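Observations on the model geometry
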Amino acid sequence: MKICFAINNLCAGGAERVLSALVNDIATTTDNEISAICFEKPYNFSRFYQFHRKIKVYLVDDRTTLDIKSVLVKISPQVVVSFLNPMNYMISLVTREMHIPHIACERNNPYHSPEKEQDRLNRDDAFVNAAGCVFQTETALSYFVNKIRIRSSIVIPNPVIIDCYERPAERKDRLVTIGRYAPQKNYPFLLKVFAIFLKKNPEYKLDCYGKNSGILKEIKELAEGLKITHAVEFHEPTVNIHKEIVNAKLFVTASNYEGMPNALAEAAALGIPCVASDIPGVSDLVRKYNFGVLCKLDNPYSFASVIETLLDDDVSLSLMSDNGRGIMNDRSITKIKIQWLDYIMKVVNDYAV
C-alpha cells in the first residue's frame, strides 16, 4: 500500500517522536511504500528526530496548499495520515479536493488545545471531514462525539519505546521531569512544589528536560526567586534522555492538560515511579498500570507532601517500579504498528465502497 504521512516537522516533541518511530518501523518491516510530508522551514531548522532513508520526504510551504497538492499528485498515495495542526487542516483541504482518504490524528487534549479559536475551528473542520480519526484516549474521542463518524474513529495508544533496559544499581536523590518549557506543562507550580519539598530534603536535585517554547526565561527567574537554582537544572532535549533519567527516584509532572504523555509512559517503562497531576491522559496511564500517585493542582504543599510520603515508602516504590515496566507488554512498537496498519487498511477499504 502507498501511505503518505504528514506532520509539521520533526522537532523534539511527543507527536514527532511517535510518528517518526511508527513510520520508520512500518517502512523497514513491511512492504508498504511510505512517504512523508513536512513543512520546509521548521523541518530544516528544528529537526530532532530522523526519518529512515527508505522514506521519501517532501518539504512544502506552510503558507499554501499548492505544494501539498503537487506532492500528492506526484506520489499518488492510497491514503494520507496527518498529525498536528496546521498540517491536519491543510491536508484535509487538499485530500477532499483530490478524493484521497485522509486520517486525521489528535495528539493533545482537544478540550484545551489549540488555544486560538480559529485554529480550533480549522482543527474541527479537518476531523469532521476526515475518512478516519485516530485518538490517544477516550477523553479526546469524547470531544468529537457529536461531530465525527464514530464508526470511522479509533483509539490507539502511543507505542512505548525505550533504549535503556537495565535497572540502576542505586537510584540517586533526584526528581526528573520532561516537557516543553510552555504554559501547558505548568513549571511554575512544579518549581513551587520542589521549593517546599527541598526545605526538608536539601540533598535532592530536580532535573528538567525540554525545549524552550517561550517561557524558559520566566521559569529560571522564578527558580531564582524561590532560591532553588542550586538544586534545579534546565536541560535541552537530548537523544539519550532515557540514560539521563533512569537512575532518578521519581518522575514528576504538574501539567495542566495532556494528550497521552510519552515521557510519562517511558519513565514508567524505565521503572521510575511518578507523582503526577490528576488530569485526563495522565490519569488514564497511572490508574491502568498503577505506577504512581495522582495529585490535584490546587495546593503545592499537598503535592510536595505526596512526593515526600512516597519517597519514604520503599515497598510502594518497588511495587510501582515493577508495575510501570509492565507497560511494555501492551505498547510495544510492533503491537501498536499492527493496530495502525489494520485501521489504515479498514479506512481505505471503507472509502472505496
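Everything in this summary refers to the structure shown in the same document.

Procedures and definitions
- Counting restarts for each chain, with residues numbered from 1 along the sequence as it is written.
- At least 70 in pLDDT is required for a residue's local features to be given in this predicted model, at least 80 for side-chain atom pairs to be given and counted, and no such filter applies to totals for whole chains, interfaces and linings, which use all residues.
- Calculation of side-chain values draws on the structure's entire complement of heavy atoms; hydrogens and water are dropped beforehand.
- The numbering of helices and of strands both runs from the N terminus, where a helix is a DSSP run of H or I of at least 4 residues and a strand a run of E of at least 2.
- Based on C-alpha atoms, the radius of gyration is set beside the globule rule, defined as 2.2 Å times the residue count to the power 0.38.
- Working definition: with a 1.4 Å probe on protein chains only, accessible area under 20% of the residue-type maximum means buried, over 50% means exposed, and in between means partly exposed.
- Working definition of accessibility: Shrake-Rupley area with a 1.4 Å probe, residue cover restricted to the visible protein chains.
- The convention is simple: Lys and Arg are positive, Asp and Glu are negative, and His and the chain ends are not counted.
- Note that the charge is assigned to NZ on lysines, CZ on arginines, CG on aspartates and CD on glutamates.
- Strand pairing is assigned whenever DSSP detects at least two bridges linking the two strands.
- Between the N-to-C directions of two axes lies an angle of 0 to 180 degrees, each axis being a line fitted to C-alpha atoms and, for a helix, fitted only over the stretch in contact.
- The contact rule is simple, with two residues in contact once any of their heavy atoms fall within 4.5 Å.
- Only protein atoms enter the 1 Å grid used here, on which a cavity is any set of points holding a 1.4 Å probe that cannot leave and a pocket is any open set flanked by protein within 12 Å on both sides along at least five of seven lines; residues with an atom within 4 Å of a point are listed as lining.
- Grid points are joined across faces, edges and corners, and a volume is the space filled by probe spheres set on the points.
- Side-chain classes follow a simple rule in which Ala, Val, Leu, Ile, Met, Phe, Trp, Tyr, Cys and Pro form the nonpolar group, Asp, Glu, Lys and Arg form the charged group, and the remainder, Gly included, forms the polar group.
- In the sections that follow, a salt bridge refers to a side-chain nitrogen of Lys or Arg positioned within 4 Å of a carboxyl oxygen of Asp or Glu.
- Given a helix with a known number of residues, its expected span is that number minus one, times 1.5 Å.
- Note that the arc is computed from the directions linking the helix axis to the C-beta atoms.
- Crossover handedness is defined by viewing with both strands directed away from the observer: a clockwise path from the first strand over the helix to the second marks the crossover as right-handed.

Scanning the protein for helices and strands turns up 15 helices and 13 strands. Against the globule reference of 20 Å for 353 residues, the protein gives a C-alpha radius of gyration of 21 Å, in line with a compact fold. Counting only C-alpha atoms and orienting by the principal axes, one finds that the protein spans roughly 65 × 40 × 40 Å. In the protein, which comprises 353 residues, the proportion classed as buried is 55%. In the form shown here, the protein has an accessible surface area of approximately 15,900 Å², with 49% of it arising from carbon and sulfur atoms. In the protein, which carries 42 positive and 41 negative side-chain charges, the distance between the mean positions of the two groups comes to 3 Å.

It is worth spelling out the sheet that holds strand S7 (residues 153-155) at this point. Strands sit in the order S3-S2-S1-S4-S5-S6-S7 across an open sheet of 7 strands; the sheet is parallel. At either end of the open sheet lies a strand with only one pairing partner, and these are strand S3 (56-60) and S7. Ignoring strand direction, the axes of neighbouring strands in this sheet form an average angle of 20°. Strands strand S1 (2-6), strand S2 (33-39), strand S4 (79-83) and strand S5 (102-105) of the sheet are contacted by helix H4 (residues 87-98), whose axis makes an angle of about 160° with S4.

Enumeration according to the criterion identifies 1 cavity of 30 Å³ or more in this entry. Approximately 30 Å³ is the volume attributed to the largest cavity. Taken together, Arg17, Val18, Pro159, Ile161, Asn262 and Glu266 form the lining of the largest cavity. Elements with a minimum of two residues in the lining of the largest cavity: helix H1 (14-29) and helix H10 (262-269). Residue composition of the lining of the largest cavity, grouped by class: 3 nonpolar, 1 polar and 2 charged.

What follows deals with the pattern of salt bridges. For side chains of opposite charge, pairing can occur when their charged atoms come near one another. Counted according to the given criterion, the structure contains 15 salt bridges. Across the pair arginine 63 and aspartate 61 runs a salt bridge, and its minimum N-O distance is 2.9 Å. Each of Glu106, Arg123 and Asp124 takes part in one network of salt bridges that share partners.

Moving on, we get to helix H15 (residues 333-352). The periodicity of an α-helix, 3.6 residues per turn, causes residues three or four positions apart to be oriented the same way. Across its 20 residues, H15 extends 29 Å between first and last C-alpha, which sits within 8% of the 28 Å expected from 1.5 Å per residue. Within H15 the residues assigned to the buried category are Ile336, Lys337, Trp340, Leu341, Tyr343, Ile344, Val347 and Val348. The arc that holds the buried residues of H15, viewed along the axis, is 165°, so those residues lie on one side.

Moving on to the pairing of strand S11 (residues 248-253). By the criterion of burial, S11 is predominantly enclosed, with 5 of the 6 residues buried. Pairing between S11 and strand S12 (residues 274-277): 3 bridges, direction parallel. The residue bridging threonine 253 from the neighbouring strand is alanine 276, located in S12. This β-α-β element, S11 to H10 to S12, shows right-handed connectivity.

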